[in-house]
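Structural characterization, general
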Amino acid sequence: MLGNYLGSSALVVEGHTDLEVMEVVACREGLALASNLGLQSFMIASDCANVVRSLLGEGFGRYGPIVREINVRRSFMRAEFVHEGRKSNVDAHLLARSSVNLSIGRHVWFFEPSDGVCNSYVIE
């Protein structure tokens with residue numbers, strides 16, 4: 001997919017091993033990035049069908065409080081959560097892998113992506 005790079009972010013945390021919880025946290029991070037970029041209409045893709053179902057529903061279970069927080073913060077004109085297979089989400093996995101050695105906390109890239117990430121986008 002070709003497009004314009006707007007920004008990317010990574011939230012580095014320590015000690016969390018529940019992949020579904022971390023995926024819903026990544027969706028929350030996506031909303032924060034969209035807000036920082038001033039976006040009003042966008043789509044957040046996840047390769048975890050359970051997380052997307054929770055985001056589109058009531059959000060009960062072990063990450064229910066995070067889902068409810070996301071639903072409260074949705075003050076955008078159109079914020080859509082969709083499930084996509086891992087093969088179509090290459091840049092997200094590249095960003096996650098390249099973030100392993102970053103310090104704990106939130107890292108944001110606005111004019112240029114981090115090295116090796118978003119190779120499929122045109123940077124203008």
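Details of the structure are given in the entry above.
Before going into details, it helps to say that this report is about the structure given with it. (Residues numbered from 1 in each chain as written. Predicted model: local features only at pLDDT ≥ 70, side-chain atom pairs only at ≥ 80, totals over all residues. Heavy atoms only, no water.)

Details of the overall build of the chain
A count of helices and strands for the chain gives 4 helices and 4 strands. Listing every helix and strand of the chain by position from the N terminus yields β-α-β-α-α-β-α-β. The buried share of the chain, reckoned over its 124 residues, is 37%. Of all intrachain contacts in the chain linking residues separated by at least 6 positions in sequence, the fraction that spans at least 24 positions is 78%. When the accessible surface of the chain is totalled, it reaches about 7900 Å², and 55% of it is carbon and sulfur. (Helix = DSSP H or I, 4+ residues; strand = E, 2+ residues; numbered from the N terminus. Buried < 20%, exposed > 50% of the residue type's maximum accessible area, 1.4 Å probe, protein only. Contact = heavy atoms within 4.5 Å. Areas by Shrake-Rupley, 256 points an atom, 1.4 Å probe, with all protein chains shown as cover.)

Quick word on helix α2 (residues 49-56)
All buried positions along α2 are accounted for by Val51, Val52, Ser54 and Leu55. For α2, the angular spread of buried residues about the axis comes to 160°, placing them on one side. For α2, the exposed residues set more than 90 degrees away from the buried face come down to Arg53 and Leu56. As for α2, its buried residues are in contact with α1 (19-36), β2 (41-46), α3 (64-73) and β3 (78-83). (Arc of directions from axis to C-beta.)

A closer look at the state of the cysteines
In the structure shown here, the tally under the stated rule is 0 disulfides. Take Cys27: it sits in no disulfide, and the sulfur closest to it among the cysteines is that of Cys48, at 8.6 Å. By relative accessible area, Cys48 is classed as buried at 14%. (Disulfide = S-S within 2.5 Å.)

Some thoughts on the pairing of strand β1 (residues 8-12)
Summarising burial for β1: 4 of the 5 residues are buried, a large majority. Sheet topology places β1 next to strand β4 (residues 105-109); 5 bridges connect them, and they run antiparallel. Paired with Val12 across the strands is Gly105, a residue of β4. (Pairing = 2+ DSSP bridges.)

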